[in-house]
Amino acid sequence: MEARRRQRRGRVRWVFPLAAALVVVVVAAVVAASHTSSSASSAPAKLLGDSVAVIDPESTSLIGEIPVGGRPTGIAVGAGSVWVANRDDDTLLRIDPRSRKVVRTIGLGVHPNNVAVGAGSVWVLSDWALLRFDPDINEVIARVRLPRRGGFRFPWLHVEVGENAVWVCACATVDGALAHIDPHTNSIVFVREGPVGAVDYGESALWALTGYELGSIERIDEKTNSVLETVPRGRIGGAAIDVPRLLLAGGGVVWVASAEALWRMDPATGRFTGSLPLAHAPSSLALGDEALWVSAFDGNLLRIDPTSRTDVKTMRLGVRPLNGDAIAVGEGAVWVALTSLVGITP
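*Asks:* A description of the sheet that holds strand β4 (residues 81-86) should follow, citing residues and the corresponding values.
*Replies:* Pairing is antiparallel across the open sheet formed by four strands, whose spatial order is β3-β4-β5-β6. Strands with a single pairing partner mark the edges of an open sheet, and in this sheet they are β3 (72-78) and β6 (101-107). The sheet shows a mean angle of 20° between the axes of neighbouring strands, taken without regard to direction.

Structure representation (structure tokens):
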């Protein structure tokens, strides 16, 4: 009798450790499964907007969101920081890319429209002024007053920085303008007055969409401001390109984006060498981490292999990215400026 009791107690002692081990295995499996599905999913946690989404460039997954306290109107990476212009409270925000926190908020006294980094400075563009910010002392060191001329009545909206030049664009299809600022003297020279749809610096030149129907792509020398080449947008070898919206130069290519496709142009010859249909109308382009990044008006982010143009990954943001310079790539991440407009239909 006593022997049978000892046998039952022995079985009980084995059952409890076995059950506990099974619970640990099951919990570990659930946790592992949750991590696997999280990293593989293209649908991130709900974003709030009026913020900067932080995207891992390899997995194209969300790794953070940084509130900026208002509407962002431009984002750039440089000088070891991420820079965001906030139009609601007229500030420039400096974000530490490692902690992903706003480490400084700089009052501007103007409504910012765009921001860029280069030539040793951070450049903040407002309607009628260009502010030069020194990242070493965290102060605005110059305010360049931008003129209005002739019938030109649109505000300055976009800034580009080259190796030895800064350009500002009143990007509009009517009465637009393009001006050059010397970063050594802060002096201004008008490059052209008339329709300018978009500009981008890359491949040692400034590229501009020009004309009332944006029918030409101009290559502009950064030293002389002269137009080196004018490429008709119809030069595609028999194919027809619809009205372009965006330009991006870099990696030996000039990318031209329309509402329906992304076109690839050889900057050396001015000839189009292929296209990629887009299911999402683009609002912003950026290059970095061996990828071409496209934000779309419908709240999607696309990662495209710029070489094959076939490897396309789509990430659903669910919040509308900024129209214009919404993407900055650098410091180990992709940074996407988001508005607070939510409820976008798929």
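*Asks:* Just give me the short version of the packing of aromatic side chains, but keep the residues and values in it.
*Replies:* The description of an aromatic ring pair uses the distance of the two centres, along with the angle that the planes make with each other. All chains considered together, the criterion is met by four aromatic pairs. Ring geometry for W263 versus F272: centroids 6.5 Å apart, planes at 85°, classification edge-to-face. For the pair W263 and F272, one class covers both residues: buried.

*Asks:* If you had to explain the environment of W123 to someone new, which residues and values would you point to?
*Replies:* Mapped onto the secondary structure, W123 falls in strand β8 (residues 121-126). Its relative accessible area of 0% is what places W123 among the buried residues. Not counting chain neighbours up to four residues away, the residues in contact with W123 comprise N114, V115, A116, G118, L130, L131, R132, V159, V161, V166, P183 and N186. Polar contacts involving the side chain of W123 include one to the main-chain carbonyl oxygen of G118, which spans 2.9 Å.

*Asks:* Outline the sheet that holds strand β15 (residues 196-202), listing residues and values.
*Replies:* In spatial order, the strands read β15-β16-β17-β18; together these four strands make up an open sheet with antiparallel pairing. The sheet is open, and its two edges are formed by β15 and β18 (227-232), each paired on a single side. Strand-to-strand, the axes of this sheet are offset by a mean angle of 20°, without reference to chain direction. Bridge analysis of strand β16 (residues 205-210) against strand β17 (residues 216-220) gives five bridges, and the strand direction is antiparallel. Pairing of L209 across the sheet is with I217, part of β17.

What counts as what
- Along each chain, the written sequence defines residue order, and numbers are assigned to residues from 1.
- Only residues with pLDDT of 70 or above have their local features reported here, since the model is predicted, and side-chain atom pairs are shown and tallied only from 80 upward, although totals for entire chains, interfaces and linings are computed over all residues.
- To get the side-chain values, all heavy atoms of the structure are used, and hydrogens and water are removed first.
- In this scheme, strands are said to pair when DSSP sees at least two bridges between them.
- Every helix listed is a DSSP run of H or I at least four residues long, and every strand listed is a run of E at least two residues long, numbered separately from the N terminus.
- Here, axes are lines fitted to C-alpha atoms. For helices the fit covers the stretch in contact, and angles between N-to-C directions go from 0 to 180 degrees.
- Ring pairs shown here join Phe, Tyr and Trp side chains whose ring centres sit within 6.5 Å, with only the six-membered ring taken for Trp; geometry is labelled stacked below 30 degrees between planes, edge-to-face above 60, and tilted in between.
- Think of it in three bands: residues with accessible area under 20% of the maximum for their type are buried, residues over 50% are exposed, and the middle band is partly exposed, with areas taken using a 1.4 Å probe on protein chains only.
- Here, residues are in contact when the closest pair of their heavy atoms is within 4.5 Å.
- Between N or O atoms, a polar contact is any pair within 3.5 Å; within protein, one atom must be a potential hydrogen donor and the other a potential acceptor, and residues adjacent in sequence are included only when both atoms are from side chains.

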